[in-house]
Amino acid sequence: MRASQEDFESAMNQVKLLKKDPGNEVKLRLYALYKQATEGPCNMPKPGVFDFINKAKWDAWNALGSLPKETARQNYVDLVSSLTSSSEPSSQVKPGADRGQQEYENLVVTSEDGITKIMFNRPTRKNAISTQMYQEIMLALKAASKDDSTITVVTGNGDYYCSGNDLANFTDIPPGGVEEKAKQSAIMLRDFVGTFIDFPKPLVAVVNGPAVGISVTILGLFDAVYASDRATFHTPFSHLGLSPEGCASYTFPKIMGPAKATEMLIFGKKLTAGEACAQGLVTEVFPDSTFQKEVWTRLKAYSKLPPNSMRISKQVIRNMEKEKLHAVNAEESSVLQERWLSDECINATMNFLSKKAKL
Ligand SMILES: CCCCCC/C=C/C(=O)SCCNC(=O)CCNC(=O)[C@H](O)C(C)(C)COP(=O)(O)OP(=O)(O)OC[C@H]1O[C@@H](n2cnc3c(N)ncnc32)[C@H](O)[C@@H]1OP(=O)(O)O
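Residues numbered from 1 in each chain as written. Predicted model: local features only at pLDDT ≥ 70, side-chain atom pairs only at ≥ 80, totals over all residues. Heavy atoms only, no water.

The protein appears in an unreviewed UniProt entry as Enoyl-CoA delta isomerase 2 from Myotis davidii. UniProt, in the comment section headed Pathway (unreviewed entry), describes the protein in these words: "Lipid metabolism; fatty acid beta-oxidation." Under the UniProt heading Sequence similarities (unreviewed entry), the entry covering the protein gives this text: "In the C-terminal section; belongs to the enoyl-CoA hydratase/isomerase family." (UniProt positions renumbered as here; feature names shortened; annotations may be inferred.)

Have a look at this one:
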């Protein structure tokens with residue numbers, strides 16, 4: 001039986017009530033089917049290449065060609081029905097599950113046994129860092145720097161540690177246009193990395209799975225990095241038309257030597273956990289089956305060490321370099337501000353968002 005106009009309208013209402021974000025691909029498909037069902041084949045002029053959102057919408061609608069209105073209506077109703085009936089269990093930990101603590105949309109922050117744990121919590125997006133998540137991480141780190149824990153840990157929920165910058169961040173263009181977006185992003189990046197440079201307590205990464213992009217580069221600013229043997233370390237900046245950030249242009253050559261840093265930062269070579277450990281980026285690798293148990297046992301023991309002594313030792317080790325790191329951070333952010341406006345970067349981002357390319 002063909003979907004009636006009533007079915008179509010009811011489906012439109014159900015879309016507004018969806019509890020879970022269906023993701024950009026589905027949203028574009030819904031948009032395209034809606035337009036086809038109500039207006040017929042795409043009748044809009046093709047938007048400019050910088051107009052990311054409207055270009056993606058136009059592409060999706062245009063791709064439906066001369067699909068009849070009734071078929072589009074039926075497909076729309078079927079798609080909504082598949083979304084509302086999907087009872088796929090989510091492993092996402094409820095935001096604010098940590099009662100009594102500040103609630104975050106994209107993080108779970110807990111404090112116990114002298115350890116504050118900041119866990120990335122967008123597992124369905126491989127913990128990609130959205131604009132809001134950058135802000136939340138900065139807030140969580142600032143709170144952790146002042147709380148009474150002795151050690152701060154960063155980790156990820158789900159199978160990934162973090163897939164780096166959320167590539168959809170650049171689709172949200174402010175009224176000032178793409179130049180303004182690039183400027184705002186560079187300021188946010190500089191503040192974000194600066195928060196890691198200035199973090200006063202021992203900062204430990206518990207890398208539970210693959211790590212990409214900015215989640216890898218900032219590891220050079222951590223005091224210890226423990227990795228599961230499932231983890232990989234990948235900075236595909238050239239593939240994305242980008243350049244290094246997170247102070248990696250300075251810390252990586254220092255940690256692993258310029259030749260190995262070049263392979264990672266320029267050629268985008270993905271390292272296994274074992275390779276990253278051999279090159280000094282990772283402190284120690286554990287078998288995935290015992291990773292959590294072994295790492296947390298060790299961290300609990302370390303957290304009992306005298307906190308002031310640990311803080312002061314970190315200062316002695318790191319402070320000489322702080323000024324240099326801030327200067328590197330400012331330079332990297334300013335270079336990226338230009339890169340984000342380059343054809344190489346725009347095309348790579350569009351390719352990922354239109355599902356034509358992954359790493
Ligand atoms: C703005 C200020 C600061 C910017 C600083 C500069 C930072 C630079 C970087 O971090 S560069 C690195 C950017 N990251 C990437 O290029 C990774 C892109 N993702 C992938 O290639 C793949 O998703 C994968 C290899 C990480 C995982 O592949 P797979 O196991 O096949 O999973 P899916 O691709 O199906 O992923 C599930 C779901 O998550 C979405 N997603 C994953 N990573 C990102 C991301 N970085 N940005 C946005 N969305 C991401 C993916 O699209 C899937 O969505 P879907 O379910 O299809 O809607």
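Engineer: Help me get a handle on the packing of helix α5 (residues 131–146) against helix α6 (residues 177–197), residues and values and all.
Structural biologist: Running from N to C, α5 and α6 cross one another at 30°; their axes reach a closest spacing of 10 Å. By the angle class used here, α5 and α6 are roughly parallel. Every pair of crossing elements has a handedness; the one defined by α5 and α6 is left-handed. For the pair α5 and α6, contact is made by T131, Y134, Q135, I137, M138, L141 and K142 and by M188, D191, F192, T195 and F196, respectively. Class assignment of the residues belonging to the contact of α5 with α6 gives a composition of seven nonpolar, three polar and two charged. (Axes fitted to C-alpha atoms, helices over the stretch in contact; angles between N-to-C directions. Helix = DSSP H or I, 4+ residues; strand = E, 2+ residues; numbered from the N terminus. Parallel < 35°, antiparallel > 145°, perpendicular 65-115°, else oblique. Left-handed = near helix turned anticlockwise from the far one by under 90°. Contact = heavy atoms within 4.5 Å. Nonpolar A, V, L, I, M, F, W, Y, C, P; charged D, E, K, R; others polar.)

Engineer: Quick rundown of the sheet that holds strand β8 (residues 271–272)? Include the residues and the values.
Structural biologist: Read from one edge to the other, the open sheet built from three strands follows the order β5-β7-β8, with strand pairing classed as mixed. For this open sheet the edge positions go to β5 (211–212) and β8, each flanked by a neighbour on one side alone. One ladder, built from two bridges, connects strand β7 (residues 232–234) with β8; its direction is antiparallel. Considered in β8, the bridge of T232 is made with T272. (Pairing = 2+ DSSP bridges.)

Engineer: With reference to specific residues and values, describe the domain arrangement of the protein.
Structural biologist: Where the parts come together, the accessible area they lose is often given as the size of the interface. For the protein, the domain assignment lists domain 1 (5–85) and domain 2 (107–357). Each of domain 1 and domain 2 was reduced to a C-alpha centroid, and the two centroids are 36 Å apart. Across the contact, eight residues belong to domain 1 and 10 residues belong to domain 2. When the two sides are added together, the surface that domain 1 and domain 2 hide from each other amounts to roughly 930 Å², 76% of it contributed by carbon and sulfur. For the pair domain 1 and domain 2, the interface holds zero salt bridges. Inspection of the domain 1/domain 2 interface yields zero residue pairs in polar contact (both at pLDDT 80 or more). Of all the secondary-structure elements, those providing two or more residues to the side of domain 1 that touches domain 2 are α2 (24–39) and α3 (52–62). With three residues, the single largest contributor to the side of domain 1 that touches domain 2 is α3. (Domains from an automatic or database assignment. Buried area = accessible area lost by both parts, 1.4 Å probe. Salt bridge = Lys/Arg side-chain N within 4 Å of Asp/Glu carboxyl O. Polar contact = N/O pair within 3.5 Å; in protein donor to acceptor, adjacent residues only side chain to side chain.)

Engineer: How would you explain the pattern of salt bridges if you had to name every residue and give the values?
Structural biologist: Taken as a whole and judged by the stated rule, the model has 14 salt bridges. As a salt-bridge pair, E284 and R298 come within 2.8 Å of each other at their nearest N and O atoms. Taken together, the positions of E284 in strand β9 (residues 284–286) and R298 in helix α11 (residues 291–302) put the pair 14 residues apart, joining distant regions of the chain. Note on E284: relative accessible area 28%, which makes it partly exposed. (Buried < 20%, exposed > 50% of the residue type's maximum accessible area, 1.4 Å probe, protein only.)

Engineer: So what's going on with helix α9 (residues 258–265)? Which residues, and what values?
Structural biologist: When α9 is considered as a whole, its buried residues turn out to be A261, M264 and L265. When α9 is viewed along its axis, its buried side chains cluster within an angular range of 80° and face the same direction. Buried residues along α9 sit in contact with α7 (214–217), β7, α8 (248–256) and β8. (Arc of directions from axis to C-beta.)

Engineer: So what's going on with the packing of aromatic side chains? Which residues, and what values?
Structural biologist: Evaluated as defined, the whole model comprises nine aromatic pairs. Here the aromatic rings of F8 and Y34 are separated by 6.1 Å at their centres, their planes lie at 20°, and the arrangement is stacked. You can see F8 sitting in helix α1 (residues 5–16) and its partner Y34 sitting in helix α2, a full 26 residues away along the chain. Note on Y226 and F286: the rings are 5.9 Å apart at their centroids and 80° apart in plane angle, and the pair reads as edge-to-face. Of this pair, Y226 sits in strand β6 (residues 224–228) while F286 is found in strand β9, placing the two residues 60 residues apart along the sequence. Given a relative accessible area of 2%, F286 falls into the buried group. (Phe/Tyr/Trp six-rings, centres within 6.5 Å; stacked < 30°, edge-to-face > 60°.)

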